[in-house]
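# Architecture at a glance
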Amino acid sequence: MSNEVDAKTARERAKAIAEQRRAERRNRKRKCVVCGVEESDKTPLTAHPEGIGPACKDEVTCLARKAASGR
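Residues numbered from 1 in each chain as written. Predicted model: local features only at pLDDT ≥ 70, side-chain atom pairs only at ≥ 80, totals over all residues. Heavy atoms only, no water.

The tendency in soluble globular proteins is for nonpolar side chains to be buried as a group. Listed in full, the 6 residues of the largest apolar core are Cys32, Cys35, Leu45, Ala55, Cys56 and Cys62. Among residues more than four places away in sequence, those in contact with alanine 55 are Cys32, Pro44, Leu45, Thr46 and His48. (Core = buried A, V, L, I, M, F, W, Y, C linked by side-chain atoms within 4.5 Å. Buried < 20%, exposed > 50% of the residue type's maximum accessible area, 1.4 Å probe, protein only. Contact = heavy atoms within 4.5 Å.)

Here the largest pocket is characterised by a volume of approximately 160 Å³. Every residue lining the largest pocket is listed: Val34, Thr46, Ala47, His48, Pro49, Ala55, Cys56, Lys57, Glu59, Cys62 and Leu63. The set of elements that each furnish at least two residues to the lining of the largest pocket consists of strand 1 (45-47), strand 2 (54-56) and helix 2 (59-69). Among the elements that make up the lining of the largest pocket, the one with the highest residue count is helix 2 (3 residues). Here the lining of the largest pocket is built from residues that sort into 7 nonpolar, 2 polar and 2 charged. (1 Å grid on protein atoms, 1.4 Å probe; cavity = no way out; pocket = protein on both sides within 12 Å on 5 of 7 lines; lining within 4 Å. Points joined across faces, edges and corners; volume = space filled by probe spheres on them. Helix = DSSP H or I, 4+ residues; strand = E, 2+ residues; numbered from the N terminus. Nonpolar A, V, L, I, M, F, W, Y, C, P; charged D, E, K, R; others polar.)

Accessible area lost on assembly of the parts is the figure often given for the size of an interface. When cut into domains, the chain gives domain 1 (1-28) and domain 2 (31-70). Taking the mean C-alpha position of each, domain 1 and domain 2 sit 36 Å from one another. (Domains from an automatic or database assignment.)

Glancing now at the environment of valine 34. Examined against the element boundaries, valine 34 turns out to sit in the loop between helix 1 (2-27) and strand 1. If we skip the residues at most four places from it in the chain, valine 34 touches His48, Cys62, Leu63 and Lys66.

Here it is, written out as structure tokens:
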């Protein structure tokens, strides 16, 4: 009977850990693969044309941010 209780508590703990990880994944901010800026209302991200990940919607300002951070 002790094994059943231990197994049940282990399953419940595993479910709690999995739910916590799912919540963290949902709340994580996406970053642009080109300039590294986080997604916000001012800088919405879209799919990169080459398929390498999320990128800024406005390519000109994205490249300007990348050049400014590279100095």
